[in-house]
Number of protein chains: 2
Amino acid sequence: MSLPHMIMGLLTWNSFTGYDLNKLFQQTVQYFWWTEQSQIYRALHRMERDGWVNVETIIQQDNPNRKVYHLTETGRAELLRWLAEPHHEDHPHEVWVGKLFFSHLLPNEDLIHLFEIRLAQTEGLLSGLEERQAFVNGLTHESERSAILQKMTVGYGVEMLRAERDWMRRQLDILRGMPDQPDSNPHS
Amino acid sequence: MSLPHMIMGLLTWNSFTGYDLNKLFQQTVQYFWWTEQSQIYRALHRMERDGWVNVETIIQQDNPNRKVYHLTETGRAELLRWLAEPHHEDHPHEVWVGKLFFSHLLPNEDLIHLFEIRLAQTEGLLSGLEERQAFVNGLTHESERSAILQKMTVGYGVEMLRAERDWMRRQLDILRGMPDQPDSNPHS
DNA sequence: CCATACTATATGCAAATACCTATAGTCGTA
DNA sequence: TACGACTATAGGTATTTGCATATAGTATGG
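Residues numbered from 1 in each chain as written. Chains lettered and ligands numbered in written order. Predicted model: local features only at pLDDT ≥ 70, side-chain atom pairs only at ≥ 80, totals over all residues.

Description of helix α7 (residues 144-176) of chain A
Note on helix geometry: an α-helix contains 3.6 residues per turn, so any two residues three or four positions apart are oriented the same way. In this model α7 of chain A runs 48 Å from its N-terminal to its C-terminal C-alpha over 33 residues, within 8% of the 48 Å that 1.5 Å per residue would give. Turning to α7 of chain A, its buried residues are R145, S146, L149, Q150, T153, V154, Y156, G157, L161, E164, M168 and Q171 of chain A. Packing partners of the buried residues in α7 of chain A comprise α6 (108-137) of chain A together with α5 (95-101) and α7 (144-176) of chain B. (Helix = DSSP H or I, 4+ residues; strand = E, 2+ residues; numbered from the N terminus. Expected span 1.5 Å × (residues − 1). Buried ≥ 20, exposed ≤ 12 C-beta atoms within 10 Å, placed from the backbone. Contact = placed C-beta atoms within 7 Å.)

Re the interface of chain A and chain B
Opposite the 62 residues of chain A that make contact, chain B presents 62 residues. Elements supplying a minimum of two residues to the side of chain A that touches chain B: α1 (3-11), α4 (73-84), α5 (95-101), α6 and α7 of chain A. Here the side of chain A that touches chain B gets 15 residues from one element, more than from any other, and that element is α7 of chain A. Taken together, the residues that form the side of chain A that touches chain B break down as 32 nonpolar, 18 polar and 12 charged. (Nonpolar A, V, L, I, M, F, W, Y, C, P; charged D, E, K, R; others polar.)

Some words on the protein's contact with DNA strand D
In the vicinity of DNA strand D, 21 residues are found, and the nearest of them are S38 of chain A together with T17, G18, Y19 and S38 of chain B. Going through the elements one at a time, α3 (37-49) of chain A together with α2 (18-29), α3 (37-49) and β2 (66-71) of chain B are the ones with two or more residues in the surface near DNA strand D. If you tally residues by element for the surface near DNA strand D, the top one is α3 of chain B, at three residues. Residue classes in the surface near DNA strand D are distributed as seven nonpolar, 10 polar and four charged. (Near = placed C-beta within 6 Å.)

Some thoughts on the relation of the copies chain A and chain B
For the pair chain A and chain B, the relating rotation is 180°, the translation along its axis is 0.0 Å, and the fit reaches an RMSD of 0.0 Å. Taken together, the rotation and translation relating the two chain copies correspond to the operation of a two-fold axis. A share of 100% of the interface residues of chain A reappears at the interface of chain B, consistent with the copies meeting face to face through the same patch. (Least-squares fit on C-alpha atoms with pLDDT ≥ 70 in both.)

Brief notes about the protein's contact with DNA strand C
DNA strand C sits among 23 residues. The nearest are T17, G18, Y19, S38 and K67 of chain A. Among the elements of the structure, α2 (18-29), α3 and β2 (66-71) of chain A together with α3 of chain B are those that each provide at least two residues to the surface near DNA strand C. With four residues, the single largest contributor to the surface near DNA strand C is α3 of chain A. Of the residues assigned to the surface near DNA strand C, the class counts are seven nonpolar, 10 polar and six charged.

Section: α2 of chain A
Residue and element names in this part refer to chain A. Along its 12 residues, α2 runs just 14 Å from first to last C-alpha, ending more than 12% under the 16 Å computed at 1.5 Å per residue. Among the residues of α2, those classed as buried are L21, F25 and V29. Buried residues in α2, looked at end-on, bunch into an arc of 45°, giving them a common side. α2 presents K23 and Q27 as exposed residues on the side facing more than 90 degrees away from its buried surface. Where the residues of α2 are buried, they touch α1 and α3. (Arc of directions from axis to C-beta.)

Listed below in structure tokens is the structure:
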């Protein structure tokens, strides 16, 4: 429910079209807030309805017309309100933990395989984010504060992924030494 | 999209009513998979339609009738399929990181306040989970494998929350030494 | 010359989610 | 005796999400 606010965050950088925003999302926001291209357009419509943005249509010959979105004062106020509002954590929906919780039903072999795949995924995400971190750390020309916060954000992701990776490596070691029978009914 | 599988996981422990499942969820699953009471009933209806569970109605005098749900062989097979299936990570939607990313618009004071609140929340979650960990670690009478995996799951949560808490404490120290002006337009 | 990719906007639709409300009897307590 | 809590199930509904698809011209490469 905060896609509009993410978009407004980007619109404080500059005015953009839905198309631009989609590309920007993929480059900078996607690693913590994934979204579908179609949702960006739908969000922009809602935001226009609510007076958070207004539209300037630019006629083009070669390509489809561009609808450039500008943040309004109302939108900016809403963004600041949202930013300063005490954040209430979302309800957790961690599928991976859920699987783990009930994996006593699996033979050890399968469970270890699951961990290995997950570990590889985490390592992949981590190296991608570390690349991004190297890039962001080079943003010395950017305004002080914005750069610091971008570094912080990426750093957060890197830290969490490292913690996860380390934890999974340790668990894999434990699992490889575990007895083999899956429980069919652990509470009987 | 995995609520039915979480429910089936619980139904491998025993047969339960929607009412029982809701209470069990709050005790054991809620910290990694939050759900509404009404969704449990709706999920059970879907699962019955799909043949994953079947129902036994128990007539009661004093209280409303109980509808006890049993896991079918089809349901059990689906659960095992889901558990063994390579887990594809969900699309990220981390509101907190998003806020942080765009918080250069806030004065330092507000930003620090946000961090303090978030830190307090994390510490609250952590101490709650540590209590649960103490309880789960006492489950020696439980079947070996199930107990190990429950401990692992809770341990995962505790580890991640600790990493988050430590990271936030470090950032708070940095923030308290930061220059004070918010950017109105960092890319101008 | 054909296929693919890029620019650019948008709708259709099934499913899931969160939040609220309905129903209705029993039991404890203030 | 009135109020709230517990047992037990369930529907209404707005909103969001993910995935697929439509449209249509230009440019690029094999």
